[in-house]
Amino acid sequence: MNIMASYIIGVDVGYGNTKTAHSCFSSGIKLLSSKPPISTRVIETTSGFYTIGNGKLSIQSSKTEDENMRALTMAGIAEELKRTHTTVADVYLGCGVPLTRMGAEKQAFLDYYNKNRRMVYKYEDVTYSVNLLSVDVFPQGYAGVVAKLPELKKSVVIVDIGSWTIEILPIENYVPDFTRCKSLTMGTITCMNDINEALRQNLGKEADESTIKDIMMYGTSDIPAEYLSIIKSGLRDYVTSIMDTLRALNFNPDLTQFVFIAGGASIMKHFLTESFKRNCVIIDDVHINAKGYEDLIRKKMGGRA
């Protein structure tokens, strides 16, 4: 039986993965004209059938250029609703863009989602009827740590390591310093490309993305030693390049606390040298931005769940 309910749902659509407070799945997406044989992670809309799985979201000047981000958002909402066996819901949606792009993209995101606030679609052969009561756009990175700021030092730099970019946000006395924000195209995709280049040069073969990601997340793997050695060396080089970049931006690691967040932070946890770790906080929660969007909506609504 369908019971109308209201939910606050944050969806963080990245180029590598789409995250909600409780789910994470690949942002690889493809539109098909006919129904695929397996319904897992398949969205059916009036446009056709979207399969969500391996790969990445295509790099674009803006994610609002096509319907892919909407389909990924639909999947994220459905993943959250199916936890409570809900198929009909009013939703307060929270999403985000890099802080350096807020001025250029916030209104475009609002327009994009608000033009189709009533969504009826199938996800994994289950029909969902979703009414977007509101859409809020927040700055990535900052949204994920705003609730944790009282626990941090007065001078911090938030480093959000994503698939395509690294977002750098300095915060002084708990206030973001917008003049020093940076968005750098040196996300984990570039690291994996460099690692596979090294594997080709040394072994004549490559490693698939999932193998490299496992070592990023856990620090090791049971793959052959010659592969593991090259991949771990590449990850250490990547971490070194991040720290060198932060120093080049005049952030002093002796006086500034670095806060590495999101899924890419696991690389720092496993491959950052101990001398740098002493003034770092590592929050390797891939869901942190989606959770942050939900927290900010609750705060906006006066603390309501």
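Refer to the structure printed above.
Structural notes, computed from the coordinates.

## Remarks on the overall build of the chain
Scanning the chain from terminus to terminus reveals nine helices and 16 strands. When its C-alpha atoms are laid out on the principal axes, the chain stretches across 55 × 50 × 30 Å. Sequence separation of 24 or more characterises 63% of the internal contacts of the chain that already satisfy a separation of 6 or more. Here the chain displays about 14200 Å² of accessible surface, and carbon together with sulfur accounts for 50% of that area.

## Remarks on the state of the cysteines
On inspection of all chains with the given rule, the structure shows zero disulfides. Among the cysteines around Cys24, which has no disulfide bond, Cys95 carries the closest sulfur, lying 17 Å off. Residue classification places Cys95 among the buried residues on the basis of a relative accessible area of 3%.

## Regarding the environment of Val130
With respect to the helices and strands, the residue Val130 is situated in strand β10 (residues 126–139). Apart from residues lying up to four places away in sequence, Val130 is in contact with Ile77, Leu81, Ala89, Val91, Arg117, Arg118, Met119 and Tyr121.

## Re the nonpolar core
Within soluble globular proteins, side chains that are nonpolar tend to cluster in buried spots. Membership of the largest hydrophobic core comes to 51 residues, with the highest contact counts inside it found for Ile77, Tyr121 and Val130. Not counting residues within four places of it along the chain, the set of residues in contact with Ile77 comprises Ile9, Val11, Val91, Leu93, Met119, Tyr121, Val130 and Leu132. The next biggest cluster of nonpolar side chains, apart from the first, holds 34 residues, and it includes Ile166, Leu199, Ile231 and Leu235.

## Observations concerning the pairing of strand β8 (residues 88–97)
Counting buried residues along β8, ten of its ten residues qualify, which places the element largely inside the surrounding structure. Residues Val88, Asp90, Tyr92, Gly94 and Gly96 point to one face of β8 and Ala89, Val91, Leu93, Cys95 and Val97 to the other, with burial holding for every one of them. In this sheet, β8 lies alongside strand β1 (residues 5–10) in parallel orientation, the contact comprising six bridges. Bridging across to β8, Ala5 finds its partner in Ala89. Note: β8 against β10, ten bridges, orientation parallel. What sits directly across from Val97, in β10, is Pro139.

## Let's talk about the pattern of salt bridges
Considering all chains together, one arrives at 18 salt bridges under this definition. With a closest N to O distance of 2.6 Å, Lys300 and Asp136 form a salt bridge. Separated by 164 residues along the polypeptide, Lys300 in helix α9 (residues 288–300) and Asp136 in strand β10 bring together distant segments of the chain. Exposure remark for Lys300: the relative accessible area of 58% places this residue in the exposed category. Notably, a salt bridge pairs Asp254 with Arg278, separated by 3.0 Å at the nearest N-O pair. Note that Asp254 is positioned in the loop between α6 (225–248) and β15 (257–261) and Arg278 in the loop between α8 (274–277) and β16 (280–283), a separation of 24 residues in sequence. Residue classification places Arg278 among the exposed residues on the basis of a relative accessible area of 61%. Linked through salt bridges whose partners overlap, the residues forming this network are Arg41, Glu79, Lys82 and Glu124.

Criteria and thresholds
Residues numbered from 1 in each chain as written. Predicted model: local features only at pLDDT ≥ 70, side-chain atom pairs only at ≥ 80, totals over all residues. Heavy atoms only, no water. Helix = DSSP H or I, 4+ residues; strand = E, 2+ residues; numbered from the N terminus. Contact = heavy atoms within 4.5 Å. Areas by Shrake-Rupley, 256 points an atom, 1.4 Å probe, with all protein chains shown as cover. Disulfide = S-S within 2.5 Å. Buried < 20%, exposed > 50% of the residue type's maximum accessible area, 1.4 Å probe, protein only. Core = buried A, V, L, I, M, F, W, Y, C linked by side-chain atoms within 4.5 Å. Pairing = 2+ DSSP bridges. Salt bridge = Lys/Arg side-chain N within 4 Å of Asp/Glu carboxyl O.

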